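# Structure at a glance
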Amino acid sequence: MSKICVLLLFILYLEKGTGSDPCFSSTLIQEPRRNVGNNRTSDLCDRLLAEGWYRFQNAEIAFTNSCIPRYHCGTHIPLWIQGTNYPSVSDGMVIRHVCGDMVSNDNNCCDYRRETAVKNCGHYFVYYLRPSEGCSMAYCTDKIPLCTGSKYSKTGFPPCTDAYPVTTQPPYLSNPVVTTTDFEFKCHIPYPPNKQDAVFVVTWLIDGKPAQNIPKQTLSGSQREATLPGESVEGHLNTDLSCSVISAFTNNQTGGLRSPPISSNSYYVGITYSKTRVTVSEKSPDQKVTLTSTIPIICRIHGQKDCSLNLLVTTDNENISPSTCRVTLKPTDWNSTTSTAQTSFFIGTAPSFTGTSSSNSAVHIDVSQIPGREWNNLKLPYIAVNAMSSRPGAQCLSVGDPHYRTFDDNKQKYSNYRIGQYTLVRQKRGSFKVETRTWKKPGGKPSFNCAVAARERNDVVVVDMCDGPFGKTYPKFEIKNPSMFENKTEIVKDPSGNQYVFRFSSGAVVKVQALHTQRGQLLNVFVNVPGTFAHDTEGLCGTFDGNPVNDLQHSNGHIDSFSRFPYPFIESWRIPAGTSLFEKAEPLPVTNTQKDYCTCIKQTNKLQCNTHTAMPSIKDLCTGCSHMNPVPTPHPTTSSVGVTTTLPPVSHKTYNYPPPTEQPQQTPFISTPQATQYCFELLNKYPSAKKCINDIYQMQYTEIIGMCVTDIELTGDKAMGLSALSTMLEDCGFQALKDHNNIVNGTFVTPPEAKLCPGACSGNGDCQDGNCACAPGFEGSDCSINTTQTPMIMEISGGSTCDSQIEDCYHPVMLGNNMKTNTTRCNIRNVHYSQFGSSTVDLTATQISADFMSTHHVTCPLPKRLNYGTGIAVQAFMLTLTNNGGATEGKQHVYYIYNSKCMMCDQQGTCTVKFDACMIENKCYVYGDFDDSDNQGWCIPAVSNTRWSKQAPTTTAATSTSHPTPALTSSRIPAQGVESGNNYTAVGTGCGCYFEPTRSDCACCKNYGCPCDAANKHVCYDCMNPDMCNANH
């Protein structure tokens, strides 16, 4: 039957039937055994199949160009449709041929051939089938693959093409790519760039979801990489970044089909911690925490000075100690190999004075400064910290004349009345040490601390007043070897200038108080060490191990029993001359064995940093405290209010102290009842501190009273009671530090009665909440200024005379009292000397601001215009101080500057001309100097040491063996033939005669005297009173 006939039959069938579409009226055949893979049975036969439209469940008649062998499809001769040209839906009904292999081995797979109709119904085909012509013959089915997923054809059936550009691998997200001024991420699509019929839509994902504020990017042509600028991760830090890609063909050849999104690998963008939980204790090593940034730090502006990421490290517990309060990530930290930037810090326990039990705390890390907007809104998690229990600290003191109390014994003290230099405390396994020097007033009984040196690592600080006569020096501060100073020590000077506090990075604290008494100054020393120093100290402060029995341990290990004057123990800690920190401080190798302690307290609006809990009100130098400045050098002092001054250097001499002697029986200057009454009156001025000692901490108040009485008895100076008062206040403050009840939410809160005031308010006020409330008539941070009195010069440091040849004489230091910062001024009057001695004083004073050093000493810088220049023999100045612009002035002191080239002066200002030099017109000359100005002659001391000589010098200095010129000193030597009351004649003969230069039998003069004429040649006179010559004739 021809194709035309078959089609006519189909049309007639449709007309006879309901006229419905065979896609909806076909008969369903459900016979899985018709599958082409079934070769187990062969009895299936379609000879009885009714003619009509059929479809097969989950299968189609096999469309193939290949033969289907016999005995497949459950039948003997399978029937299939020849070819693979599937009709499309739009083709409607089409004619295809049904084939069967009737004759085996004839190489013709289509021996049986007839036509049939086929229609594509979209998801399946329908067939117009007729019965087979014999048995066993049956229609063979196969599951025809549809063009689905990434495949496409117009028919929906093979042959299929790619529905959209297909890649063999998912897209790849790169690590950050650093450019000159930025960084970026690249999303790479692995599709051949020469295939330019594709378009790709790239979406950036944050934690697997499309980023709302990052626009999609479309790539076409040969483009295969989408770029994301670094700033685009703003607001998305600490998340996983990835990209997804949708692809399509540009020519719409597949009906605009698009691929499903295909995601790339992810990349964590932000900062991670190496540890999120640590456990710390005093005995275990500090825990290292490394911060790793997965994006670089970029300087986008050329020459930008600071484009670092600064992070604040804070804690909610003062006993937790990060190694720094700030960590920084810089552009140079970026490692292009690992695509990371790292910085580290350590977490440990802070040196505790309180002692703590185990607790859970946290270290917080917050953003302080960002280099670019990609870091905006960065939030970092905290690090959980489990802090184990710690031991409380201890205090040692050396105060008064001096009394010592060891770290382990707060109930008894011992004393040392000898002079020398001693090791107060030395750390066995560390570098911390404190040394002291003692001196005494000539003829005095007890000794006093006159110098303190403290060291940790290469930071060595000194407070010294041992470099002059007792009572005529002042405490001088020095950084020893400034070039090796490591800046690990906080140095705080009280505004009064009378107290220094040194805070070392180990947590140790040394406080030095200058006490001003009627007989001079002394130093009180307090040393506080944290619990980390336990079993690690030796020296006069004893062994900090909780056992007071072994405190008096010699340097060789021998232990003495306690006594009031344990001199064998004390002498074992004497430091040989030339080996103390005062004399030299050899540099130590810089190591990491000693850590820096920082307590960085997190507050609502600022960062408060402290070195430790000892005095929380004082700031420290830990990294990250931007408000702190490094200690200046070479001789700085930094006050608690931020004032920095430079002090003159200390002259550290090598002292040869007298050999030790046993202490003789003391004879009290003041009776015991009198001293006791005064001490009770003094200490009762501080009822809050007394309550603190007696009631709160149950310390030995009577021991402090005893210390006060002893000091006053032996010195006769009631001001010595201030040492006991300071001790009481320090005791109270330190006991408060050890009290767990003062720890609130992990932070030490100083109780009001334990807030210390400088110098115990000098006994002239009450300490209220850490500030002195001065009694009427007193002022200053330590109440040491008497407002009813003028500033008084008691002494000039180093004495009233100064040799301009060896010293800076134009900055004399005035010692006294009632000196004020920014207020005290120096009144300077020039004292004019006539030729050979007499003087007049200027009526009008030159007034200059004093350089304030403390309430007890200032420097008076002499104006340069008063400096006559080099060669001047003697200058003198009348000095006074004023606090009110000169309306009232204190006691006058004359200050002499002399030139030792030709002069000798004693402390009373009595000056004489040296026998081997000349003083002519108040200028110094040596033998052979010529008068260049007036050609008057030469300096020939053997002829005259007050006038030019016409006699020319010989090749060597002329000396008279028959008439030697004695060395003129301040001693009074009567002249020959004159009254001993003539203080201008040294000897009556032996010096040149001005009226006859060839003679040398005239008087030798002193005290600026002038020789008389020939009639009185053996006499000298006051140059302003020539009548003295006639009077002595």
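Residues numbered from 1 in each chain as written. Predicted model: local features only at pLDDT ≥ 70, side-chain atom pairs only at ≥ 80, totals over all residues. Heavy atoms only, no water.

### What to know about the overall build of the chain
Put simply, the rule is: A run of H or I in DSSP counts as a helix once it spans at least four residues, and a run of E counts as a strand once it spans at least two, with each numbered from the N terminus. Burial here depends on accessible area, computed with a 1.4 Å probe over protein chains only, as a share of the maximum for the residue type. Under 20% is buried, over 50% is exposed, and the range in between is partly exposed. Whether two residues touch is decided by their heavy atoms; if any such pair falls within 4.5 Å, the residues are in contact. Only the protein chains shown count as cover for residues, and all accessible areas are computed by the Shrake-Rupley method using a 1.4 Å probe.
The helix and strand inventory of the chain stands at 8 helices and 75 strands. Taking all 1033 residues of the chain together, the buried fraction comes to 53%. Contacts spanning at least 24 positions in sequence make up 62% of the contacts within the chain whose residues lie at least 6 apart. Accessible surface computed for the chain: about 45000 Å², of which carbon and sulfur atoms make up 50%.

### Describing the environment of Gly780
As for its position among the elements, Gly780 is in the loop between β54 (778–779) and β55 (785–786). Apart from the residues within four sequence positions on either side, Gly780 is in contact with Cys774 and Ile785.

### Comments concerning the sheet that holds strand β38 (residues 448–456)
To be explicit about the condition: Pairing between two strands requires that DSSP report at least two bridges joining them.
Read from one edge to the other, the open sheet built from 6 strands follows the order β40-β39-β38-β37-β36-β45, with strand pairing classed as antiparallel. Each end of this open sheet is capped by a strand with a single partner; those strands are β40 (476–480) and β45 (537–538).

### Observations regarding the pairing of strand β62 (residues 851–854)
Where β62 lies against strand β63 (residues 857–859), 3 bridges are found, and the strand directions are antiparallel. Within β63, the residue paired with Asp851 across the bridge is Thr859.

### Re the environment of Ile320
Inspection of the secondary structure puts Ile320 in strand β27 (residues 320–322). Separated by 40 residues in the primary sequence, Ile320 and Val280 place their C-alpha atoms 8.4 Å from one another.

### Points about the state of the cysteines
This is how it is decided: Two cysteine sulfur atoms make up a disulfide if the distance between them is within 2.5 Å.
Applying the stated criterion to the full structure yields 16 disulfides. What pairs with Cys905 in a disulfide is Cys911, and their sulfur atoms sit 2.0 Å apart. Between Cys905 and Cys911, the S-S torsion sits near 115°, and that sign places the bridge as right-handed. Like Cys911, Cys905 is buried. Each sulfur in the disulfide pair Cys918 and Cys939 lies 2.0 Å from the other.

### Re the confidence of the model for the chain
For clarity, the threshold we go by: Scored from 0 to 100, pLDDT reflects the predictor's confidence in each residue.
On average, residues of the chain score 79 in pLDDT, and 79% of them are at 70 or above. Every residue in residues 957–981 scores below 50 in pLDDT, and together they form 49 contacts with partners more than four places removed in sequence or on other chains.

### Some points on the sheet that holds β63
Here is the rule: To obtain each axis, a line is fitted to C-alpha atoms, and for helices this fit is confined to the stretch in contact; angles are then taken between N-to-C directions over 0 to 180 degrees.
In spatial order, the strands read β56-β58-β63-β62; together these 4 strands make up an open sheet with antiparallel pairing. Edge positions in the open sheet fall to β56 (792–796) and β62, since each of these has one partner strand only. Pairs of neighbouring strands in the sheet enclose a mean axial angle of 35°, with direction left out of account. With 3 bridges connecting them, strand β58 (residues 813–817) and β63 associate as antiparallel partners. Bridge pairing in β63 links Val813 to Thr859.

### Focus on helix α4 (residues 672–683)
This is how the line gets drawn: In a helix, the anticipated span is given by 1.5 Å times the number of residues less one. It is the directions from the helix axis to the C-beta atoms whose arc is reported.
In a regular helix each residue adds 1.5 Å, so 12 residues correspond to 16 Å; α4 covers 16 Å between its end C-alpha atoms and thus fits that length. Ala675, Cys679, Leu682 and Leu683 are the residues of α4 that are buried. For α4, the arc enclosing every buried residue in end-on projection is 85°, short of the 170-degree limit, so these residues lie on one face. When the buried face of α4 is taken as reference, the exposed residues oriented beyond 90 degrees from it are Pro673, Gln674 and Gln677.

### Remarks on the side chain of Ser944
Rules: Between N or O atoms, a polar contact is any pair within 3.5 Å; within protein, one atom must be a potential hydrogen donor and the other a potential acceptor, and residues adjacent in sequence are included only when both atoms are from side chains.
Among the secondary structure elements, Ser944 is positioned in strand β71 (residues 944–949). Side-chain polar atoms of Ser944 contact the backbone nitrogen of Arg947, separated by 3.1 Å.

### What to know about the pattern of salt bridges
Worth spelling out the cut-off: Each reported salt bridge corresponds to a side-chain nitrogen of Lys or Arg within 4 Å of a carboxyl oxygen of Asp or Glu.
Applying the stated criterion across every chain, the model contains 20 salt bridges. Here Glu133 makes a salt bridge to Arg114, at a shortest N to O gap of 2.6 Å. Remark: Arg114 occurs in strand β7 (residues 112–120) and Glu133 occurs in the loop between β8 (125–129) and β9 (137–139); sequence separation between them is 19 residues. By sharing partners, the salt bridges in this structure join Glu31, Arg34 and Asp46 into a single network.

### With respect to the nonpolar core
To keep it simple, the criterion reads: Among the buried residues, those of types Ala, Val, Leu, Ile, Met, Phe, Trp, Tyr and Cys that are joined through side-chain atoms within 4.5 Å form a nonpolar core.
Judged by nonpolar contacts, the single largest core of 73 residues is most densely connected at Phe432, Phe502, Val510 and Val527. Among the elements that take part in this core, β38 stands out by supplying 6 residues, more than any other. One finds Val233, Leu241, Leu329 and Ile365 within the second-largest nonpolar core, a separate group that totals 51 residues.

### Structural notes on the environment of Cys679
Inspection of the secondary structure puts Cys679 in helix α4. It is 8.5 Å that separates the C-alpha atoms of Cys679 and Ala724, two residues lying 45 residues apart in sequence. Beyond its immediate chain neighbours, meaning those up to four positions away, Cys679 contacts Ile705, Cys708, Val709 and Ile712.

### Brief notes about the packing of aromatic side chains
Worth spelling out the cut-off: Here is the rule: rings of Phe, Tyr and Trp (six-membered ring for Trp) pair when centre to centre is within 6.5 Å. Planes less than 30 degrees apart are stacked, more than 60 are edge-to-face, and the remainder are tilted. Think of it as a cone above the ring: NZ of Lys or CZ of Arg counts as a charge over the ring if it is within 6 Å of the ring centre and within 35 degrees of the ring normal.
For the coordinates displayed, the defined rule picks out 22 aromatic pairs. Aromatic side chains Trp53 and Tyr128 sit 5.5 Å apart centroid to centroid with 70° between the ring planes, which places their arrangement in the edge-to-face category. Residue Trp53 is located in strand β2 (residues 52–56), and its partner Tyr128 is located in strand β8; the two are separated by 75 residues in the primary sequence. What links up through ring pairs into an aromatic cluster is the set Phe56, Phe63, Tyr86, Phe125 and Tyr127. Across the ring face of Tyr124, the terminal group of Arg55 is positioned such that the distance to the ring centre comes to 4.5 Å.

### Let's talk about the pairing of strand β53 (residues 771–774)
Here 4 bridges tie strand β52 (residues 765–768) to β53, and the two strands are oriented antiparallel to one another. The residue bridging Cys767 from the neighbouring strand is Cys772, located in β53. A loop of 2 residues connects β52 with β53, the two strands running antiparallel in sequence, and Asp769 in this loop sits at a positive phi of about 55°.

### Some points on the side chain of Asp782
To keep things clear, this is the line we draw: His is not counted here, nor are the chain ends, while Lys and Arg score as positive and Asp and Glu score as negative.
Within the element layout of this structure, Asp782 appears in the loop between β54 and β55. The side chain of Asp782 sits in the buried core without any salt bridge; Lys493 is the nearest counter-charge, 11 Å away. A polar side-chain atom of Asp782 sits 2.7 Å from a polar atom in the side chain of Ser784. Not counting chain neighbours up to four residues away, the residues in contact with Asp782 comprise Ser496, Asn498, Pro758, Cys761, Ser762, Cys772 and Thr855.

### Looking at unusual backbone geometry
A cis geometry characterises the amide bond from Cys135 onward to Ser136, with omega recorded as -5°. Within the element layout of this structure, Ser136 appears in the loop between β8 and β9. Backbone geometry at Asp207 places phi at a positive 50°, although glycine is not the residue there. Examined against the element boundaries, Asp207 turns out to sit in the loop between β16 (198–206) and β17 (209–210). Despite not being glycine, Ser339 has its phi angle at roughly 55°, a positive value. Position of Ser339 relative to the elements: it lies in the loop between β29 (334–335) and β30 (340–349).

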